[in-house]
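The lines below spell out each chain.
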Amino acid sequence: MVRLSIPAQLAFRDLALQAVFTAIEAEADPPLSQARDEIVSAMNEAFNNIVLHAYRGILGGRVDLAVSARRGEVEIELCDRGRSFDPDAVPDYVAPDDLDIAALPENGMGLYIMRSFMDEVAYTRGAHGKPNVLVLRKRWTPEGLPHEVPPGLAAAKKESSQSGWRLRSVAFSSQDIDRSSAGSLKRK
Amino acid sequence: MTTTSRTDSGDETILRIEGTLDAATAPDLRGVVDAIVDEGRLLITLELSGLRLIDSSGVGVIVSLFKRVRANGGQVRIQGLRDQPRAIFRLLRLDRVFPT
């Protein structure tokens, strides 16, 4: 487990990324391959959201980062004490079809990127002195090998891929934080 | 950190973007985009082989350029997209919109 408390400023985002990949490379294998790009992309959006939306660019906020890595899996937890948000209130990103140029969105892609590139994304709104908690989890296998997926998850993956999403939300637990009221970011 | 260089050659403008295009650096690129649009440049090539990382803020600026140039009757072409930026463009299905 790696823990790090970072100023909530964009200039410190690379430090958060460095902590994540140091933890992965020290404790996990196989090599990340393309999962690296996906984790980087999701982490960037998560950190941006905290700095720009939770703290709204106000200096003094902090991001408490916790990274747990083991074979082929990493869990990244980002805590902040800024403004909470309602994942269900975020408009869905609609990927452009039929070259509809005018409809191309210029923002609102961050949550979609997180949901798409990570296997699990869960958000708990802070209350009663507890912080907002965003958890990102990613699993990967060596390139060329089939993804080892437990039967329950396989069914969820199948369902989610049919609806155009990758697996987004699966129940999990943590000894550090009570997530009994955690709001998953599963699309309704 | 982002490095941008603009080269005008006849009707075509080549905009080379290198490094990281993200929430911290995208505002700087907006000024370059505004200038290109205000000058009425219509044939734009984004050369992105040196772009190491992009986030949704960076994508937003490129989409803005694309929409504004297209609205003026022009075209934005992308070349050199690779690695993480390529993964983002594919995810957002922008690779189907931008001529590459």
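Details of the structure are given in the entry above.
Report on the accompanying structure. This one's a predicted model, so the numbers in the text were calculated from it and none came from an experiment.

Our focus in this paragraph is unusual backbone geometry. Backbone geometry places His128(A), a non-glycine residue, at a positive phi of 55°. On the secondary structure map, His128(A) appears in the loop between strand S4 (120-124) and strand S5 (132-139). Judged by C-beta crowding, with 4 C-beta atoms within 10 Å, His128(A) ranks as exposed. In the Ramachandran plot, Asp83(B) falls in the positive-phi region, its phi being about 55° despite a non-glycine side chain. Given 16 C-beta atoms within 10 Å, Asp83(B) falls into the partly exposed group.

The next point concerns the interface of chain A and chain B. On the chain B side, the residues contacting the 21 residues of chain A number 22 residues. At the level of elements, helix H2 (35-54) and helix H3 (110-117) of chain A are the ones that each hand at least two residues to the side of chain A that touches chain B. The greatest single-element share of the side of chain A that touches chain B, amounting to eight residues, is contributed by H2(A). When its residues are assigned to classes, the side of chain A that touches chain B shows eleven nonpolar, six polar and four charged.

Let us now look at the nonpolar core. In terms of nonpolar packing, the biggest core is built from 74 residues, with Ala42(A), Met43(A), Ala46(A), Ile50(A), Met114(A), Leu136(A) and Leu65(B) touching the most fellow members. The dominant element in this core, judged by the number of residues it contributes, is H2(A), at ten residues. Look past the residues within four positions of Ile50(A) in its chain and what remains in contact with it is Ala8(A), Tyr55(A), Val63(A), Leu78(A), Asp80(A) and Gly82(A).

All names here are of chain B. One can describe the packing of helix H1 (residues 26-38) onto helix H2 (residues 56-71) by two numbers: an axis separation of 10 Å at closest approach and a directional angle of 5°. Taken together, the axes of H1 and H2 are roughly parallel relative to one another. Two secondary-structure elements touch here, H1 through Ala26, Leu29, Arg30, Val33, Ile36 and Val37 and H2 through Ser57, Gly58, Gly60, Val61, Ser64, Leu65, Arg68 and Val69. Residue composition of the contact of H1 with H2, by class: eight nonpolar, four polar and two charged.

Our focus in this paragraph is the pairing of strand S2 (residues 12-21) of chain B. Two faces make up the sheet, and in a regular strand the side chains alternate between them. Residues and elements named next belong to chain B. Judged from the eight bridges that link them, strand S1 (residues 2-9) and S2 form a sheet pairing that is antiparallel. Counted as the bridge partner of Arg6 is Leu15 from S2. Connecting S1 to the antiparallel partner S2 that follows it, the hairpin turn spans two residues, and Gly10 within it adopts a positive phi of roughly 65°. Where S2 meets strand S3 (residues 43-47), five bridges bridge the pair, whose relative direction is parallel. Looking across to S3, one finds that Thr13 is bridged to Ile44. The parallel pair S2 and S3 is bridged by H1, and the resulting crossover is right-handed. Here S2 pairs with strand S4 (residues 51-54) via three bridges, running parallel. Looking across to S4, one finds that Thr20 is bridged to Leu53.

So, how was this worked out
Residues numbered from 1 in each chain as written. Chains lettered and ligands numbered in written order. Predicted model: local features only at pLDDT ≥ 70, side-chain atom pairs only at ≥ 80, totals over all residues. Helix = DSSP H or I, 4+ residues; strand = E, 2+ residues; numbered from the N terminus. Buried ≥ 20, exposed ≤ 12 C-beta atoms within 10 Å, placed from the backbone. Contact = placed C-beta atoms within 7 Å. Nonpolar A, V, L, I, M, F, W, Y, C, P; charged D, E, K, R; others polar. Core = buried A, V, L, I, M, F, W, Y, C linked by C-beta atoms within 7 Å. Axes fitted to C-alpha atoms, helices over the stretch in contact; angles between N-to-C directions. Parallel < 35°, antiparallel > 145°, perpendicular 65-115°, else oblique. Pairing = 2+ DSSP bridges. Right-handed = clockwise from strand over helix to strand, strands pointing away.

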